[in-house]
Amino acid sequence: MLRRDWSVPAVTAGFLAVLISYAGPLLIFFQAARAAHAPPEMMASWVWAISIGAAVSGIALSWWLRVPVITAWSAPGTALLITLFPDLPLQEAVGAYITAAALILIVGLTGGFDWLMRHIPRGVCCGMMAGILFQFGARAFKAVEAMPLPTLCMVAGYLLARRFWPRYHLVMVLALGIALTAGLGGVEWSALRLEWTRPVFIAPAWSWASTLSLAVPLAVVSLAGQFLPGMAILRGAGYTTPARPVLVATGVASLLTAPFGGITTVLAAITAALCTGREAHEDPGRRYVAGIANGVFYLVGGCLAGTIIGLFTVLPAAFVAVLAGLALIGAITANVQGAVSDSEHREAAIVTFLVTASGMSLWGLGAAFWGVVIGGCAHAVLGWKRPTAPTAPKTEPVTRAVNR
């Protein structure tokens, strides 16, 4: 079935999702590794672990469910590490990873997350995703300040390819961007080396401090900041996949990769939008190939973790920002349309969009979580209708016959 469903756009979407993950959230991982004073071989092992966790879970779930399930690592959770290192020992960090994975696995097995998803209005979900993706779209055009010529050329190439070759427009924009980056110079390609990754085992250790400061917050931000928007993307794309198998599979993957430095494997949010929309394939039933391709590219990236680290060290950040923003225009359009299509709850969806797009953070929880909470409250308040007292049924006047 895979050979019949295989397509260039689906494989390209899977590749772009990996490319953007490595160029974006992976940079946060690098910062955490530097804060922990991790040596290069340890950093490569961490990248190997998060890549293998995402690869195995993504391939298995996409193949089994026939849905483009895109998994990655917890970017909000990685940001927590920066605030805890170097005071937190690596062994206790691994123990916290295992505890967080166990908590996510328990939530998946109980089915509580499915209940939550059933009670979140679709407009609120679309508003949240539009708010998340909006920032990436805006950065694509903000990059014109750093590299005006490549940015404008890539925008022009996107418009022309979208008009005349819509199925392959992302491939053409990617090729154009690479050609421009290489042609204009400024990239030290000679610094790249091809090297295989050797995983490094880290014996876990537990403490109440690491459990409360990392494990519990990691599980919360993973569920609220990754699984919630990730499932919302699948719902918005028309897939009714239950959350239970996704949480169970990613929880198991997290348990297996944690001893090698792999932080929690989660459902992707931003990059998932690339693989669930029409850009991946016109037929929703054939988009699961993008999820499998995404996992295969993660396998390659994990085996060449050291090379990946070097590649995204030399690539211009503005190039990746432009590529990500242009690739997500279709997903932004679909979610904005979904947010405003329901006239009865449109204002609640816009509130969700504004809260999420603001990038606010409160009590360690990000804008995506608060967008759903505040938007859900707006939906409940604005959609609440005061019950009216039943009115007595109208009766016809009774006329009495008068005998004369």
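Quick look at the structure, then. Bear in mind that the values here come from a model prediction, so they are computed numbers and not experimental data. (Residues numbered from 1 in each chain as written. Predicted model: local features only at pLDDT ≥ 70, side-chain atom pairs only at ≥ 80, totals over all residues. Heavy atoms only, no water.)

1. Some remarks on the packing of aromatic side chains
Inference 1: In total, this model carries six aromatic pairs according to the counting rule given.
Inference 2: Taken together, a centroid distance of 5.2 Å and an interplanar angle of 70 degrees make the contact between F15 and F297 edge-to-face. Here F297 lies in helix α14 (residues 288–303) and F15 lies in helix α2 (residues 8–23), a separation of 282 residues in the sequence.
Inference 3: A cation sits over an aromatic face here: R66 above W63, 4.4 Å from the ring centre.
Inference 4: The ring of F164 carries R163 above its face, with NZ or CZ at 5.2 Å from the centroid. (Phe/Tyr/Trp six-rings, centres within 6.5 Å; stacked < 30°, edge-to-face > 60°. Helix = DSSP H or I, 4+ residues; strand = E, 2+ residues; numbered from the N terminus. Lys NZ or Arg CZ within 6 Å of the ring centre and 35° of its normal.)

2. Description of the packing of helix α6 (residues 90–110) against helix α12 (residues 243–257)
Inference 1: One way to put it is that α6 packs onto α12 with a least axis distance of 8 Å and a crossing angle of 160 degrees. By the angle between their directions, the pair α6 and α12 is classed as roughly antiparallel. Two packed elements cross with a definite hand, and for α6 against α12 that hand is left-handed. Two secondary-structure elements touch here, α6 through I98, A101, A102, I104, L105, V107, G108, L109 and T110 and α12 through R244, L247, V248, G251, V252, S254 and L255. (Axes fitted to C-alpha atoms, helices over the stretch in contact; angles between N-to-C directions. Parallel < 35°, antiparallel > 145°, perpendicular 65-115°, else oblique. Left-handed = near helix turned anticlockwise from the far one by under 90°. Contact = heavy atoms within 4.5 Å.)

3. Things to note about the nonpolar core
Inference 1: By size, the foremost hydrophobic cluster in this structure holds 101 residues, and its most contacted members are L26, W46, L214 and F227.
Inference 2: For this core, the leading source of residues is helix α11 (residues 208–236), giving eleven residues.
Inference 3: The residues contacting W46, other than those within four sequence positions of it, are F29, A33, A36, A38, F85, L90, I202, F260 and G261. (Core = buried A, V, L, I, M, F, W, Y, C linked by side-chain atoms within 4.5 Å. Buried < 20%, exposed > 50% of the residue type's maximum accessible area, 1.4 Å probe, protein only.)

4. Points about the packing of helix α4 (residues 40–65) against α12
Inference 1: Viewed as axis vectors pointing N to C, α4 and α12 meet at an angle of 150 degrees, and their least axial separation amounts to 9 Å. Here α12 runs roughly antiparallel to α4, going by the angle between their axes. Where α4 crosses over α12, the two elements pack in a sense that is right-handed. Packed against α4, whose contacting residues are A49, G53, S57, L61, W64 and L65, the element α12 presents P245, V246, A249, T250, A253 and T257 at the interface.
Inference 2: Residue composition of the contact of α4 with α12, grouped by class: eight nonpolar, four polar and no charged. (Nonpolar A, V, L, I, M, F, W, Y, C, P; charged D, E, K, R; others polar.)

5. Some points on the pattern of salt bridges
Inference 1: If you walk through the whole model with that rule in mind, you get three salt bridges.
Inference 2: Between D5 and R4 there is a salt bridge, with its nearest N and O atoms 3.6 Å apart.
Inference 3: Judged by relative accessible area, which is 61%, R4 ranks as exposed. (Salt bridge = Lys/Arg side-chain N within 4 Å of Asp/Glu carboxyl O.)

6. Here's the deal with the environment of V296
Inference 1: Its location among the elements puts V296 in helix α14.
Inference 2: Taking C-alpha positions, V296 is 9.7 Å from V11, a pair spaced 285 residues apart along the chain.

7. A look at α12
Inference 1: The end-to-end C-alpha distance of α12, which contains 15 residues, comes to 21 Å, matching closely the 21 Å that a straight helix rising 1.5 Å per residue would cover.
Inference 2: Those residues of α12 that fall on the buried side of the exposure criterion are A243, P245, V246, L247, T250, G251, A253, S254 and T257. (Expected span 1.5 Å × (residues − 1).)

8. Here we look at a nonpolar patch on the surface
Inference 1: There is a patch of nonpolar side chains on the surface, built from L103, I106, W208, L212, V216 and V220 and spanning about 600 Å² of accessible area.
Inference 2: Those elements that provide at least two residues to the nonpolar patch are α6 and α11.
Inference 3: Considering each element in turn, the nonpolar patch owes the most residues, four residues, to α11.
Inference 4: Assignment of secondary structure puts V220 in helix α11. (Patch = residues over 30% accessible without salt bridge, like charges linked within 9 Å, V, L, I, M, F, W, Y side chains within 5 Å. Areas by Shrake-Rupley, 256 points an atom, 1.4 Å probe, with all protein chains shown as cover.)

9. Let's talk about the side chain of T250
Inference 1: The residue T250 is located in helix α12 in this model.
Inference 2: The buried category is assigned to T250, whose relative accessible area is 0%.
Inference 3: Setting aside chain neighbours within four positions, we find T250 in contact with S57, T71, F227, T265 and V266.

10. Topic: helix α18 (residues 346–358)
Inference 1: Here α18 is 13 residues long and its end C-alpha atoms lie 18 Å apart, about the 18 Å a rise of 1.5 Å per residue gives.
Inference 2: Looking one or two residues beyond α18, the residue adopting positive phi is G359, at roughly 75 degrees.

By themselves, these are just geometric observations and shouldn't be taken as functional.
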